[in-house]
Amino acid sequence: MSGINEQPPPVSPERPLVLAANRLPIRRTEDGWATSPGGLVRALLPIVQESKGSWVGWTGEADSSSEMIHVDGIDLHPISISDRELERYYEGFANDTLWPLYHDAIRDSGYRSEDWDAYVDVNRRFADRLAEISPPGANVWIHDYHLQLVPMFLRERRQDVRIGWFNHIPFPPLELFQRLPWRAEIIRGLLGADVLGFQRARGARNFVAAAHQLAGATEVADDLVHLDDHTVQVGHFPISIDVDEFELLASGRATRQRVSQIRTRLGDPEVILLGVDRLDYTKGIGSRLRAFGQLLDDGRLDAERHVLVQIATPTRERVELYQEERREIEQIIGEINGRHARLGFPAIHYLYRMLPVEDLIPLYRAGDIMLVTPFRDGMNLVAKEYVAAHVDGDGVLVLSEFTGAADELSDALLVNPHDEQALQDAIVQAVEMHRHERRPRMEAMRTAVADANVGDWARSFLDALAGA
Ligand code: ADQ
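Residues numbered from 1 in each chain as written. Predicted model: local features only at pLDDT ≥ 70, side-chain atom pairs only at ≥ 80, totals over all residues. Heavy atoms only, no water.

Which parts of the structure should I look at to understand the overall build of the protein chain?
In terms of helices and strands, the protein chain carries 17 helices and 18 strands. On C-alpha atoms alone, the protein chain measures out to a radius of gyration of 23 Å, which is about the 23 Å that the 2.2 N^0.38 rule sets for 468 residues. Principal-axis analysis of the C-alpha atoms gives the protein chain an extent of 65 × 50 × 45 Å. Taking all 468 residues of the protein chain together, the buried fraction comes to 57%. Within the protein chain, contacts between residues separated by at least 24 positions form 74% of all contacts whose residues are at least 6 apart in sequence. Roughly 19300 Å² of accessible area belongs to the protein chain as shown, and the carbon and sulfur atoms make up 47% of that amount. Separation between the mean location of the 50 positive side-chain charges and that of the 73 negative ones in the protein chain comes to 2 Å. (Helix = DSSP H or I, 4+ residues; strand = E, 2+ residues; numbered from the N terminus. Rg over C-alpha atoms; globule rule 2.2 N^0.38 Å. Buried < 20%, exposed > 50% of the residue type's maximum accessible area, 1.4 Å probe, protein only. Contact = heavy atoms within 4.5 Å. Areas by Shrake-Rupley, 256 points an atom, 1.4 Å probe, with all protein chains shown as cover. Lys, Arg positive; Asp, Glu negative; His and termini not counted. Charge placed at Lys NZ, Arg CZ, Asp CG, Glu CD.)

How should I be thinking about the pattern of salt bridges in this particular structure?
Two side chains with opposite charge may pair up if their charged atoms get near one another. This model, assessed by the stated rule, comprises 31 salt bridges. The salt bridge involving glutamate 85 is made with arginine 125; its shortest N-O contact spans 2.5 Å. Separated by 40 residues along the polypeptide, glutamate 85 in helix H2 (residues 83–102) and arginine 125 in helix H3 (residues 113–133) bring together distant segments of the chain. Three or more residues are tied together by salt bridges with common partners; here these are Asp83, Glu91 and Arg318. (Salt bridge = Lys/Arg side-chain N within 4 Å of Asp/Glu carboxyl O.)

When you look at empty space enclosed by the protein in this model, what are you seeing that I'm missing?
Take a probe with the size of a water molecule and roll it over the atoms, and the empty space left behind shows itself. With the rule as written, the count across this model stands at one cavity of 30 Å³ or more. Of the pockets and cavities examined, the largest cavity occupies roughly 40 Å³. What lines the largest cavity is simply Gly395, Val396, Leu397, Asp411, Ala412, Leu413, Met433, Arg438, Arg441, Met442 and Met445. At the level of elements, strand E17 (396–400) and helix H16 (435–450) are the ones that each hand at least two residues to the lining of the largest cavity. With four residues, H16 is the largest single contributor of residues to the lining of the largest cavity. Grouping the constituent residues of the lining of the largest cavity by class yields seven nonpolar, one polar and three charged. (1 Å grid on protein atoms, 1.4 Å probe; cavity = no way out; pocket = protein on both sides within 12 Å on 5 of 7 lines; lining within 4 Å. Points joined across faces, edges and corners; volume = space filled by probe spheres on them. Nonpolar A, V, L, I, M, F, W, Y, C, P; charged D, E, K, R; others polar.)

Sorry if this is basic, but what is going on with the sheet that holds strand E13 (residues 271–278) here?
By way of backbone hydrogen bonds, the strands of a sheet pair with one another, either parallel or antiparallel. Here six strands make up an open sheet; going across it, the order is E15-E14-E13-E16-E17-E18 and the pairing parallel. The sheet terminates laterally at strand E15 (348–352) and strand E18 (413–415), the two strands that pair on one side only. Within this sheet the neighbouring strands show an average axis-to-axis angle of 15 degrees, counted without direction. (Pairing = 2+ DSSP bridges. Axes fitted to C-alpha atoms, helices over the stretch in contact; angles between N-to-C directions.)

Explain the site of the ligand here, please?
Neighbouring the ligand are 22 residues, the closest being His168, Thr313, Leu355, Asp377 and Glu385. Side-chain polar atom of lysine 283 to an oxygen atom of the ligand: 3.0 Å apart, as the coordinates give it. Asparagine 380 is positioned such that a nitrogen or oxygen atom in its backbone is 3.0 Å from an oxygen atom of the ligand. When the ligand sits alone it has 710 Å² of accessible area, and the protein chains cover 85% of it. Of all the secondary-structure elements, those providing two or more residues to the shell around the ligand are E13, strand E14 (306–313), helix H12 (357–366) and helix H13 (381–389). For the shell around the ligand, the residue count by class is eleven nonpolar, five polar and six charged. If you count residues domain by domain, the shell around the ligand takes at least three from each of domain 1 (17–240 + 455–466) and domain 2 (243–451). (Near = heavy atom within 4 Å. Polar contact = N/O pair within 3.5 Å; in protein donor to acceptor, adjacent residues only side chain to side chain. Domains from an automatic or database assignment.)

Help me understand unusual backbone geometry, please; the structure alone is not making it clear to me.
Most peptide bonds are trans, and most residues other than glycine sit at a negative phi. Of note, lysine 52 is a non-glycine position whose phi angle comes to about 55 degrees, a positive value. Residue classification places lysine 52 among the exposed residues on the basis of a relative accessible area of 65%.

Sorry if this is basic, but what is going on with the environment of glycine 216 here?
In this fold, glycine 216 is placed in the loop between helix H7 (201–215) and strand E10 (218–221). Along the primary structure glycine 216 and aspartate 298 are separated by 82 residues, whereas in three dimensions their C-alpha atoms are 55 Å apart. Among residues more than four places away in sequence, those in contact with glycine 216 are Ala211 and Leu227.

What should I look at first to understand the sheet that holds strand E4 (residues 54–58) in this one?
Strand order in the open sheet formed by ten strands is E5-E6-E4-E1-E7-E8-E9-E12-E11-E10, with mixed pairing between adjacent strands. Only two strands of the sheet have a single neighbouring strand rather than two, namely strand E5 (69–71) and E10. Looking at each pair of strands side by side, their axes are set apart by 25 degrees on average, direction ignored. Bridging between E4 and strand E6 (residues 74–78) involves four bridges; their strand directions are parallel. By the bridge assignment, glycine 57 is partnered in E6 with proline 78. Against the sheet, H3 touches strand E1 (17–23), E4, E6 and strand E7 (139–143), its axis set at about 160 degrees to E4. Most of the contacts of helix H17 (residues 454–466) go to strand E8 (residues 162–166), to which it runs at about 140 degrees, and overall it touches E1, E7, E8, strand E9 (195–198) and strand E12 (230–236).

Take a look at the structure:
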């Protein structure tokens, strides 16, 4: 492990860290605003606090005030976004144009110029706010596909700050990316940064190819591209989780008690299969459920011995494609349970809700087999959380080869989720796997996850930015 405290910090009160992301890391409570939970927020907050930095983003509420909020020792600068803009910038351009296109065009994207105009306006608002509030010489770290024009807009106003951008989702190959009517604008927007970070080496390569083809940028070294007197470092920085925290929570007595309660409640099945995802059409939830249903139909699995628990988090519920996806998943579950449930014992247990981490960890531990089968995913933290939670050294991960996590977790059962037969076979192989094979595979995956936690990830990106 690189040990995040051994080197001098890449950010300091002299070079504070200013973060920008679509969402501020806060939620409203009865007593006002509180920071929201989650590994990324926990990893970044202390760095922002120590460097006396700040965070720019949207509160999650339309037309909110843009007055500064001070929570947990950091200054948060809200960007006010109207309901109309949310429809166009967020639900439209970010989630109906970019999201499907960047995920292998698994659904058709909408290309509407009014959505693009709102995306430009909101990106400019972010950049203006960053330009106003960033101290001289600050490190500005911009997150994700919602804000791809911010690097260029910010550079136009502030040449003294260092600008980094990290993409949490895949960056598509040129053949797909060039469908975007505003492809050159996006590339030029990103090239305003000093460091561009991607989850996988492949995403970084895709970007370099697009920058060359669509903007005439030249690759001057392995990870450096050059355009108009400005050089940009392009690298991959695979994100991770707070490994120590997952292990700690997973080892507690309360968790062990919850695990045995869960098993009893599920009717003490031999094998618990588990899926945990945002209810997103990229996650391959429907195919996974169909594969399970087919295995029950064919008698290769038995609903008395094999039980599937699917936890789905509500997400982007105002977007039509997400409503359709939810209807389809719930229909599949209904059909499978109709055929295979017994009174009081469904074959698939389904929860459509967000769970607190104290409920999620016992479920991970109770899961003998974790099914992570997206058609495309930038990283997929659920896979890493499952592995970190399995302090017992047991458990099998069935993992789509189209996730970033597959690069590091090569001891999972890697599967092509488009191949129905392969998916069914992988599930059966997981169910039948002997502990002599399960345990070494899990041990290797646990080593891979423990070798890089989210603090190391933040540190390595900020080191690159500091050296830019
Ligand atoms: P997501 O698409 O949201 O993230 P993922 O990486 O799996 O996907 O993260 C989901 C997070 O939500 C996990 O931390 C998980 O514990 C949590 N979660 C899921 N369902 C939950 C539930 N019902 N209740 C509570 N928590 C739940 C995007 C990209 C990913 C990339 C991450 C981080 O799409 O590819 O890994 O950002 O960069």
